[in-house]
Amino acid sequence: MSIFEFERDFAGSLRCIPMAARQKLDLVGIKLSLRQWSRLTREERDRLVTLGCAEGPERDAYRQTVLALIASRADEPAVFLGEISHDDWARDDRMPDAVRAQAERDGIAPPSPAQWRALQPLQRFALAKLARSKHENENFMPAMAEFGLSSARS
């Protein structure tokens, strides 16, 4: 399973949505609430973390799986994300301004262009998401340290 160390306390048990699942949900354009997530069985949550979500048919299958789970388990309808761009994390040639700004707010150096390029897409997604989050940016510094970008721990 793809759970980062910085999220192990709250996502390792799958009581919260780990970055690996959040990235896939963003890719298929579905906003899954924590309430909906909590209605899924542990096995269903595992499946949403581990199931492939590459381009084309695999992504379509992931989307259909999520929609079917919401329909069968949740007492509220699926919510779809508006048109969103994945450029802020998918591109390895340009770091999002939010990542730079969050690093500056935390008093650490932002990733260099070479460091940003060397990150895996899920790591870039996590940093971009954490930098934009109002309630989770406390995990930004631990994520930077885990990814070898800072020695600072929070």
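Refer to the structure presented above.
The structure contained in this document is the topic of the report that follows.

What counts and what doesn't
Residues numbered from 1 in each chain as written. Predicted model: local features only at pLDDT ≥ 70, side-chain atom pairs only at ≥ 80, totals over all residues. Heavy atoms only, no water. Helix = DSSP H or I, 4+ residues; strand = E, 2+ residues; numbered from the N terminus. Rg over C-alpha atoms; globule rule 2.2 N^0.38 Å. Buried < 20%, exposed > 50% of the residue type's maximum accessible area, 1.4 Å probe, protein only. Contact = heavy atoms within 4.5 Å. Arc of directions from axis to C-beta. Axes fitted to C-alpha atoms, helices over the stretch in contact; angles between N-to-C directions. Parallel < 35°, antiparallel > 145°, perpendicular 65-115°, else oblique. Left-handed = near helix turned anticlockwise from the far one by under 90°. Nonpolar A, V, L, I, M, F, W, Y, C, P; charged D, E, K, R; others polar. Lys, Arg positive; Asp, Glu negative; His and termini not counted. Salt bridge = Lys/Arg side-chain N within 4 Å of Asp/Glu carboxyl O. Polar contact = N/O pair within 3.5 Å; in protein donor to acceptor, adjacent residues only side chain to side chain.

Focus on the overall build of the chain
Per the secondary structure count, the chain includes 10 helices and 2 strands. For the chain, whose C-alpha radius of gyration is 16 Å, the value lies close to the compact-globule estimate of 15 Å for 154 residues. Residues classed as buried in the chain amount to 45% of the 154 residues present. Restricting the contact set of the chain to residue pairs at least 6 apart, pairs at least 24 apart contribute 61%.

With respect to the side chain of Q123
Secondary-structure assignment places Q123 in helix 9 (residues 121-132). Looking at Q123, the relative accessible area reads 17%, which means it is buried. In contact with Q123, other than residues within four places in its own chain, are F4 and F147.

Considering the environment of L14
Here L14 is to be found in the loop between helix 1 (8-11) and helix 2 (19-28). We classify L14 as buried; its relative accessible area is 0%. The spacing of L14 and V99 is 85 residues in sequence and 26 Å in space, taken between C-alpha atoms.

Some words on helix 7 (residues 97-105)
Buried residues of helix 7: V99, Q102 and A103, and no others. Viewed end-on, helix 7 has its buried residues packed into an arc of 100°, placing them on one side of the element. Facing away from the buried side of helix 7, by more than 90 degrees, are the exposed residues D97, E104 and R105. On its buried face, helix 7 sits against helix 8 (113-118), helix 9 and helix 10 (140-146). Phi turns positive, to about 75°, at G107, one or two residues after helix 7.

Let's talk about the packing of helix 4 (residues 42-50) against helix 5 (residues 57-73)
Packing of helix 4 against helix 5 brings their axes to within 11 Å, and their N-to-C directions diverge by 160°. One way to sum up the angle between helix 4 and helix 5 is to call them roughly antiparallel. By crossing handedness, the relation of helix 4 to helix 5 is classed as left-handed. Contacts between helix 4 and helix 5 pair E44, R47 and L48 from the former with Y62, T65, V66, L69 and R73 from the latter. Of the residues contributing to the contact of helix 4 with helix 5, the split by class is 4 nonpolar, 1 polar and 3 charged.

A short note on the side chain of R45
By the element assignment, R45 lies in helix 4. No salt bridge is formed by the buried R45. Its closest oppositely charged neighbour is E44, at 7.0 Å. One polar contact links the side chain of R45 to the main-chain carbonyl oxygen of L14, over a distance of 2.8 Å. In this structure R45 touches L14, R15, W37, S38 and L40, once residues within four positions along its chain are discounted.

What is shown is where atoms sit, not what they do.
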